[in-house]
Amino acid sequence: MTNVLAVADHRRGELRDVSYELITAGRQLADETGGELHVAVISGTVDEFADKLNREGVDAVHTVDYGEEFNHDVYAQVLTQLYDEHAPQYVVAPNSVNGLDYAPAVANALNLPIVTDTVDLESDGDTLVATREMYGGKVETTTELEGTVVATIRGGEWPAAEGTGDAAIEAFDAEIDEDAVGSTVTGFEEVGGGDVDISEADVLVSVGRGIEEEENLEIIRDLADALDATVSSSRPIVDSGWLPKNRQVGQSGKVVTPDVYIAIGISGAVQHVAGMKGSDTIVAINTDPNAPIMDIADYAIHDDLFDVVPALTEEFQ
Ligand SMILES: Cc1cc2nc3c(=O)[nH]c(=O)nc-3n(C[C@H](O)[C@H](O)[C@H](O)COP(=O)(O)OP(=O)(O)OC[C@H]3O[C@@H](n4cnc5c(N)ncnc54)[C@H](O)[C@@H]3O)c2cc1C
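Rules used in this analysis
- Residues numbered from 1 in each chain as written.
- Predicted model: local features only at pLDDT ≥ 70, side-chain atom pairs only at ≥ 80, totals over all residues.
- Heavy atoms only, no water.
- Buried < 20%, exposed > 50% of the residue type's maximum accessible area, 1.4 Å probe, protein only.
- Helix = DSSP H or I, 4+ residues; strand = E, 2+ residues; numbered from the N terminus.
- Pairing = 2+ DSSP bridges.
- Salt bridge = Lys/Arg side-chain N within 4 Å of Asp/Glu carboxyl O.
- Axes fitted to C-alpha atoms, helices over the stretch in contact; angles between N-to-C directions.
- Contact = heavy atoms within 4.5 Å.
- Phe/Tyr/Trp six-rings, centres within 6.5 Å; stacked < 30°, edge-to-face > 60°.
- Lys NZ or Arg CZ within 6 Å of the ring centre and 35° of its normal.
- Near = heavy atom within 4 Å.
- Polar contact = N/O pair within 3.5 Å; in protein donor to acceptor, adjacent residues only side chain to side chain.
- Areas by Shrake-Rupley, 256 points an atom, 1.4 Å probe, with all protein chains shown as cover.
- Nonpolar A, V, L, I, M, F, W, Y, C, P; charged D, E, K, R; others polar.

1. Here we look at the pairing of strand β8 (residues 120-123)
Right, so step 1: Only one face of β8 is buried, namely the one carrying Leu-121 and Ser-123, since none of Asp-120 and Glu-122 on the opposite face is buried.
Right, so step 2: Counted between consecutive antiparallel strands, the loop separating β8 from strand β9 (residues 127-134) contains three residues, among which Gly-125 sits at a positive phi close to 105 degrees.

Written out as structure tokens, the structure reads:
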């Protein structure tokens, strides 16, 4: 019995972290419903991906070797066919650009309800309770859905599955109706023309309005160099045009989960925190001891960033 079908996410030849987070979310639902967790991986180097997705708790990985990149119509066709064959109770997909593209189409084709951007999922076997955030994370809402459901999960909310499993790896013989494939991926362009994906960084040196002027970013770059870290920022820095959009952390930026997040001159507004609260260790440098970021920091440095940052850089160099 397949209770959960999780759909792996990949881009430009790399599995994305959310694929492993989906395994954790999917395994939990499979445990709650007493069934199996199957994972689908469609397009790209599927055999290589399947080996990586064979983590603890996965019962089967279905591979569909069809094209290199994501294609809406291919994913929609494959997933409806996998659903017809395995009848999972829950289909869980990432709340990524790809997931948000195909999941509604799959739900529509199968006439199933869909809940998107979930941060928690719980099932008693009949009812799925899906938790979502509203108003920039100020409010959590729960939605109860009966029976079979398609859900997308927000990246960074579940820990990544670890360990090696003993899943059956099976090539799924999908029948793709070429006439129904109406789009083709012809290239890939990073939004903002950026070369860096901050959501993949292990250490982020993140800068906020406390930096005052664009020229002062130099001390932030020096610290990032000394730490071999990546520079990210709060929204005002991007709005000022001092860093490109792909460096913005937060509700309208990127969700990041680094090992270390150093928030420098950032107040910790809910819209910012929504993007970085999953960081392992948070260090905040702020002159205001009452800034909200100080409440969620593991290490709160109550001092002037123009003194602290150069001192830290010197220490790490
Ligand atoms: C719909 C919507 C979406 C949004 N999305 C995002 C988003 O994705 N990401 C995001 O970041 N924001 C987002 N915002 C904006 C958000 O509400 C805040 O305005 C923003 O996060 C504040 O940025 P900040 O902390 O850099 O600046 P501020 O709030 O101005 O904080 C600056 C901090 O620097 C400290 N400081 C000043 N001088 C020094 C010094 N010398 N040394 C040390 N500390 C100092 C101050 O004490 C203060 O805490 C969004 C807002 C809306 C309405």
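Now that the structure has been shown, we can carry on.
2. A word on the pattern of salt bridges
Right, so step 1: All chains considered together, the criterion is met by ten salt bridges.
Right, so step 2: Where Arg-27 meets Asp-59, a salt bridge forms, and the shortest distance between an N and an O atom there is 3.1 Å. With Arg-27 in helix α1 (residues 18-33) and Asp-59 in the loop between α2 (46-53) and β5 (60-64), the pair connects residues that are 32 residues apart, well separated along the chain.
Right, so step 3: For Asp-59, a relative accessible area of 30% corresponds to the partly exposed category.
Right, so step 4: Glu-48 is the salt-bridge partner of Lys-52, the closest N and O atoms lying 3.8 Å from each other. Here the residue Lys-52 and the residue Glu-48 both occupy positions in helix α2, the gap between them amounting to four residues, near one helical turn.

3. Points about the sheet that holds strand β14 (residues 230-233)
Right, so step 1: Read across the sheet, five strands follow the order β14-β13-β15-β16-β17 without closing on themselves; strand pairing throughout is parallel. A single partner strand is all that each edge strand has here, and the edge strands are β14 and β17 (299-302). Adjacent strand axes in the sheet meet at a mean angle of 20 degrees, parallel and antiparallel pairs treated alike.
Right, so step 2: Relative to the sheet, helix α5 (residues 217-227) contacts β13 (203-207), β14 and β15 (260-264), its axis offset from that of β13 by approximately 170 degrees.
Right, so step 3: Each of β15, β16 (281-286) and β17 touches helix α9 (residues 305-316); the most contacted strand, β16, lies at about 130 degrees to it.

4. Looking at the packing of aromatic side chains
Right, so step 1: Counted under the stated rule, the structure contains three aromatic pairs.
Right, so step 2: Measuring from ring centre to ring centre gives 6.0 Å for Phe-70 and Tyr-102, while their planes differ by 40 degrees; the resulting arrangement is tilted. Of this pair, Phe-70 sits in the loop between β5 and α3 (72-86) while Tyr-102 sits in helix α4 (residues 97-110), placing them 32 residues apart in sequence. When sorted by exposure, Phe-70 lands in the same class as Tyr-102, which is buried.
Right, so step 3: When the ring of Tyr-75 is compared with that of Tyr-102, the centres are 5.1 Å apart and the planes differ by 40 degrees; the resulting orientation is tilted. Here Tyr-75 is found in helix α3, whereas its partner Tyr-102 is found in helix α4, with 27 residues between them in sequence. Judged on exposure class, the residue Tyr-75 and its partner Tyr-102 are both buried.
Right, so step 4: Joined through ring pairs, the aromatic side chains of Phe-70, Tyr-75 and Tyr-102 make up one cluster.
Right, so step 5: Above the ring of Tyr-20, the side-chain terminus of Arg-55 is found at 3.6 Å from the ring centroid.

5. Things to note about the site of the ligand
Right, so step 1: Near the ligand there are 27 residues, and of these Ser-234, Gln-248, Ser-252, Ser-267 and Asn-286 occur at the shortest range.
Right, so step 2: Within the contact set of the ligand, an oxygen atom lies 3.3 Å away from a backbone nitrogen or oxygen of Gly-253.
Right, so step 3: Here Asn-286 contributes a side-chain N or O atom positioned 2.7 Å from an oxygen atom of the ligand.
Right, so step 4: Coverage of the ligand by the protein chains reaches 74% of its 990 Å² of free accessible surface.
Right, so step 5: Counting residues per element, the ones that place at least two in the shell around the ligand are α6 (235-239), α7 (270-276), β16 and α9.
Right, so step 6: Class assignment for the residues of the shell around the ligand results in eight nonpolar, 14 polar and five charged.

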